[in-house]
Amino acid sequence: MTPRQVSVSAVRATWHTMSITARGEMLSPTRITAAATRLAVHIFLMVYLWQALYARTTTSAGMTMPQAVTYAVLALLALRMRTANRSAAKDTVFQHMHSGTIAYWYLRPLPPHRYHLLRGIGDQLYGFGWACAGYAICLAIGVVSPPASVGAGLAFAVTLALGQALLYYLVLISDQLCFWMIKNSAGVEILIFVQNLLSGAYVALWYFPGWFRALSAALPFQYTLGVPLSFYVGRLDVSALPGQLAVQITWVIGLAVLTRMLWRRAGERVESQGG
């Protein structure tokens, strides 16, 4: 093969790997319809919940009702970016560990860490499409407000991108646990709950007491979602962006190094027999 053919083949293989989840979803229209309906119902209930909570006050924890509703709806849309389900394709790390097919990850030309990364990027891009569609509709009908300012919108976009990278490594660690624990379902459930609570996905961290916010600031979770959304609604000033970026980048680099070391250790535990 010529270098050009090799390059085209590599690009095609990368695209096919990244789009596995999306192509699987497209083969099941009922699943897409159910997901859209569920998301619409969640948003509807969330809007009326926060409107009811603000019925007798105008400001709470430094946030007005429009800010609180916008934050809550955007948090729901962001969660949609994290709910790609690989179980139907039998491509979760746990399923491969259970069946023994995880060995193929170490036998094919594409390294396991790169395959996992491409799948993760593809899943997040697919979820991002859902989030953008939901955001456009909510913004058009007035459910959410636009960013507090142009600077706030840019700060939101940058910190959200870094937050998604940070989230990927947090999820990766839970997958890597399978190499030592075989089954990681309990770990995943704990991670999802802790991540959603400490990131501000359930409720903005501004409503929690000071000691809880201090604890959350010492952990990586709030930098995946709470910080970006706080910039968007104007609860966090744009002047705080450099400091927040420094913390996010530090966490991303640290977890990237840690997970790469875990990949090497995991490879030492995989055995391939036969031929």
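Note: the structure precedes this text.
Given the structure is predicted, the values throughout are model-derived calculations rather than measurements.

Chemist: So, the overall build of the protein: which residues are in play, and what are the values?
Modeler: When you go through the protein residue by residue, the secondary structure sums to 12 helices and 2 strands. Taken from the N to the C terminus, the helices and strands of the protein come in the order α-α-α-β-β-α-α-α-α-α-α-α-α-α. The C-alpha radius of gyration computed for the protein amounts to 20 Å, which stays within 12% of the reference 19 Å derived for 275 residues, consistent with globular compactness. Along the first, second and third principal axes, the C-alpha set of the protein runs to 70 × 40 × 40 Å.

Chemist: If you had to explain the packing of aromatic side chains to someone new, which residues and values would you point to?
Modeler: Within a pair of aromatic rings, the relevant descriptors are the distance that separates the centres and the angle that separates the planes. On inspection of all chains with the given rule, the structure shows 12 aromatic pairs. With centroids separated by 6.4 Å and ring planes inclined at 45 degrees, the aromatic side chains of Trp50 and Tyr54 adopt a geometry described as tilted. The same class applies to Trp50 as to Tyr54, namely buried. Taking 6.3 Å as the distance between ring centres and 85 degrees as the angle between the ring planes, the aromatic pair formed by Tyr135 and Tyr232 counts as edge-to-face. Here Tyr232 lies in helix 11 (residues 226–233) and Tyr135 lies in helix 6 (residues 112–140), a separation of 97 residues in the sequence.

Chemist: Could you give an account of the side chain of Ser19, with specific residues and numbers?
Modeler: Here Ser19 shows up in the loop between helix 1 (3–18) and helix 2 (20–26). Looking at Ser19, its side chain comes within polar contact range of the main-chain oxygen of Trp15, at 2.9 Å. A polar contact of 3.4 Å, which involves the side chain of Ser19, links it to the backbone oxygen of His16.

Chemist: Please provide a residue-by-residue account of the nonpolar core, values included.
Modeler: Within the largest apolar cluster, 30 residues are counted, with the highest numbers of intra-cluster contacts made by Ile43, Trp50, Val73, Leu77 and Leu229. Listed by contribution, the elements that provide at least two residues to this core are helix 3 (29–53), helix 4 (65–80), helix 6, helix 7 (150–176) and helix 11. Setting aside residues up to four positions removed in sequence, Leu77 forms contacts with Leu39, Ile43, Ala131, Gly134 and Tyr135. Residues Phe212, Leu245, Trp263 and Ala266 belong to the second largest nonpolar core, which totals 28 residues.

Chemist: Give a description of unusual backbone geometry that names residues and reports values.
Modeler: At Ala61, a position not held by glycine, the phi torsion is positive, near 55 degrees. Of note, Ala61 is situated in the loop between strand 1 (59–60) and strand 2 (63–64). In this structure Ala61 comes out as partly exposed when scored by relative accessible area, which is 29%.

The rules we used
- Residues numbered from 1 in each chain as written.
- Predicted model: local features only at pLDDT ≥ 70, side-chain atom pairs only at ≥ 80, totals over all residues.
- Heavy atoms only, no water.
- Helix = DSSP H or I, 4+ residues; strand = E, 2+ residues; numbered from the N terminus.
- Rg over C-alpha atoms; globule rule 2.2 N^0.38 Å.
- Phe/Tyr/Trp six-rings, centres within 6.5 Å; stacked < 30°, edge-to-face > 60°.
- Buried < 20%, exposed > 50% of the residue type's maximum accessible area, 1.4 Å probe, protein only.
- Polar contact = N/O pair within 3.5 Å; in protein donor to acceptor, adjacent residues only side chain to side chain.
- Core = buried A, V, L, I, M, F, W, Y, C linked by side-chain atoms within 4.5 Å.
- Contact = heavy atoms within 4.5 Å.

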